[in-house]
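Close look at the chain arrangement
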Amino acid sequence: MTDKIDVIIIGAGIAGITTAYYLQKNFPDIKYKIIDSRSAVGGTWDQMRFPGVRADNDMYTYGFSFNPWQGPIIGKGQDIKNYINDTAEKFNIKKNILFDTKVISSSWKINQWTTKTNHKNFTSQYVIFCTGSRDRDKPHLPKFKDENKYQGKIVHTQNWGDTDYKDKNVTIIGSGCTAITMAPSIIKEAKAVTLVQRSPAWIINIDSHEKSSRRYKTFEVLKDYISSRFFKKSLRKRIIAADPYYNEATTPSYDYWDQRPASSLDQDYFRAVESSNVTIERVGVSNWETRGIKLQNGKVINSDVTVMATGGNAQLLGGIDIFVNDKKININDTSWYRGMMFSGLPNLFAHAGYINFSWTARCEIVNERICKTIKYMKTNELSSCTAKYLGEKSKPSIQANYVLRAMDKFPNRTYKFYQNYFVEYLIFKWSKINDGALDFKR
Ligand SMILES: Cc1cc2nc3c(=O)[nH]c(=O)nc-3n(C[C@H](O)[C@H](O)[C@H](O)COP(=O)(O)OP(=O)(O)OC[C@H]3O[C@@H](n4cnc5c(N)ncnc54)[C@H](O)[C@@H]3O)c2cc1C
């Protein structure tokens, strides 16, 4: 069975709900459907259930501009999920969501997309991928020798399930945003906790009572990021001098903002690691033992539960098979047009976030641009719009392992994707839709 619709949106997380909002606002009569394999709205915020899960950056910019967040500056995971759901209800978006439905492939032929799912198929003029940036089924799980020897539980933060850690010996492997966020919650209830952090991270502290505004936070975050690019060495020295937490063992080898800094809330991480039942090991893992892990310095850590806070595997377009005129597309052979289209894929848009600013803020400006593109096509009676293969050889946007590991999954060229909200805000607003990098057809 095949249904005909104007636009198919894949994913009902922040990007999917933002996309639906902008489509409805700009085209009140448009027919769209959001397809999601999950049973609820929220995407990341429905999936992530590890203790202490929360946003890393302020909700003034991470919230929707069209339905401002009313809670504290840092949102908790469950509250963000409820907020996305409430937004979908408030703007009558929920009735257009098809839950528990997995998209298998999207194929472009004879001027339309056919989206195949495990239930039914759809044809549409446009498809908008709101599938996030992570492989939601396969997280990054580094392999250590002798895993089958270990008799405790291994859990990745992405698949927390009902993991019980109360009164248990817990080891947390990882030093990124997730490890820093979850450690204070785990430490409250576990018997003893060992943090294995081969390479320390920059950690900024956020005051949960801070009051600000969307405009000021936008300015502040971008100012900090841009100055960190120009004054790398002096900023590094200034942070280390100002904060007694940083010493030889706790200072990252990379510069501030070469990777996204982790955040502590009201000093929770710094206080938690001072507790007497917490040990920090700054060395890599060698292998599994029956009752725990052995470190590269020979020390054995006993643990009932070993938490892999080792991050995700980057993935574009949800791992969905894409075909154009029956030819399967390898995204690595394409060019990434303004971080929102791929060369050779007509009428297909996709959201991607920033490494240095709120994901939602970019979703909003990209959606405005998508709507402008569709309006331009309607006005000029055009049926397709395809990005050309242009741009520079792609470079990692940030020196983070999850990005470096995934370079062969990204387009091999990048055309005008600036990783800078301020620049993109102006360009998306003022630059011409027919900018010479798109092929339009009647
Ligand atoms: C712990 C944590 C904290 C974070 N904090 C911040 C922060 O403070 N600021 C920030 O900017 N970013 C943060 N992020 C990044 C975060 O992922 C994004 O901000 C945002 O939630 C991504 O939204 P999305 O809608 O694009 O994708 P997702 O939330 O990943 O949603 C994608 C949806 O697409 C669906 N989908 C995918 N493939 C298919 C398919 N084949 N068929 C059907 N459905 C499919 C999935 O089921 C999912 O529901 C954080 C991430 C994590 C994990």
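Residues numbered from 1 in each chain as written. Predicted model: local features only at pLDDT ≥ 70, side-chain atom pairs only at ≥ 80, totals over all residues.

Some words on the environment of Arg54
Applicable threshold: Helix and strand assignments follow DSSP, with helices taken as H or I runs no shorter than four residues and strands as E runs no shorter than two, numbered in order from the N terminus. Buried residues are those with 20 or more other C-beta atoms within 10 Å of their own C-beta, exposed residues have 12 or fewer, and partly exposed residues lie in between; C-beta atoms are placed from the backbone.
Take Arg54: it is sitting in the loop between α2 (44-47) and α3 (59-62). Arg54 gets classed as buried once you count the C-beta atoms within 10 Å, which come to 21.

As for the pairing of strand β2 (residues 7-10)
Inclusion rule: Note: two strands are recorded as paired if DSSP finds a minimum of 2 bridges between them.
A two-sided burial pattern is seen for β2, the buried positions comprising Val7 and Ile9 on one face and Ile8 and Ile10 on the other. With 4 bridges connecting them, β2 and strand β3 (residues 32-35) associate as parallel partners. Counted as the bridge partner of Ile9 is Ile34 from β3. Taken together, the 4 bridges between β2 and strand β8 (residues 126-129) define a ladder with parallel strand orientation. Bridge pairing links Val7 to Tyr126 in β8.

Brief notes about the site of the ligand
For clarity, the cut-off: By definition, a residue lies near a molecule or strand when the C-beta atom built from its backbone is within 6 Å of it. Residues are grouped as follows: nonpolar covers Ala, Val, Leu, Ile, Met, Phe, Trp, Tyr, Cys and Pro; charged covers Asp, Glu, Lys and Arg; every other residue, Gly included, is treated as polar.
Near the ligand you find 32 residues, and of these Gly11, Gly13, Gly43, Gly132 and Gly318 are the closest. Examining the composition of the shell around the ligand, we find that 3 residues originate from one element, helix α1 (residues 14-26), more than from any other. Taken together, the residues of the shell around the ligand sort by class into 13 nonpolar, 14 polar and 5 charged.

Topic: the domain arrangement of the chain
For clarity, the cut-off: Where each domain begins and ends follows an automated or database-derived domain assignment. A residue pair is marked as a contact if its C-beta atoms, positioned from the backbone, fall within 7 Å.
Each domain of the chain was delimited in the assignment, giving domain 1 (2-137 + 314-441) and domain 2 (147-308). The distance between the C-alpha centroids of domain 1 and domain 2 comes to 30 Å. With 24 residues of domain 1 in contact, the opposing surface of domain 2 contributes 27 residues. Mapped by element, the contributors of at least two residues to the side of domain 1 that touches domain 2 are α3 and α11 (421-430). Class assignment of the residues belonging to the side of domain 1 that touches domain 2 gives a composition of 14 nonpolar, 6 polar and 4 charged.

As for α1
As a reminder of what qualifies: Here a helix's expected span is defined as the number of its residues, less one, multiplied by 1.5 Å.
Over its 13 residues, α1 extends 18 Å from the first C-alpha to the last, a length consistent with the 18 Å expected when each residue adds 1.5 Å. Taken residue by residue, α1 has Ile14, Ala15, Gly16, Ile17, Thr18, Thr19, Ala20, Tyr21 and Leu23 as its buried positions. Those residues of α1 hidden inside the fold are in contact with β2, β3, α4 (77-90), β8 and α9 (359-379).

Considering the nonpolar core
The following threshold applies: To count as a nonpolar core, a set of buried Ala, Val, Leu, Ile, Met, Phe, Trp, Tyr and Cys residues must be joined through C-beta atoms within 7 Å.
The biggest cluster of nonpolar side chains holds 67 residues, and the ones touching the most others in it are Ile17 and Ile128. With 7 residues, α9 is the single largest residue contributor to this core. With 22 residues, the next largest nonpolar core counts Phe50, Tyr165, Ala183 and Leu195 among its residues.

So, the sheet that holds strand β14 (residues 278-281)
How we decide: Angles here are taken between N-to-C directions and fall from 0 to 180 degrees, while the axes themselves are lines fitted to C-alpha atoms, restricted in helices to the stretch in contact.
Spatially, 5 strands are ordered β9-β18-β10-β11-β14 in an open sheet, and the strand pairing comes out parallel. Where the open sheet ends on each side, the last strands, each with one partner, are β9 (153-156) and β14. Across the sheet, the mean angle separating the axes of adjacent strands is 20° when strand polarity is ignored. Bridge count for β9 against strand β18 (residues 305-308) is 4 bridges, and the pairing is parallel. Looking across to β18, one finds that Val155 is bridged to Val307.

Here's the deal with the environment of Thr163
Inspection of the secondary structure puts Thr163 in the loop between β9 and β10 (169-173). Classification of Thr163 as partly exposed rests on a count of 17 C-beta atoms within 10 Å. Apart from residues lying up to four places away in sequence, Thr163 is in contact with Lys153, Val155 and Val305.

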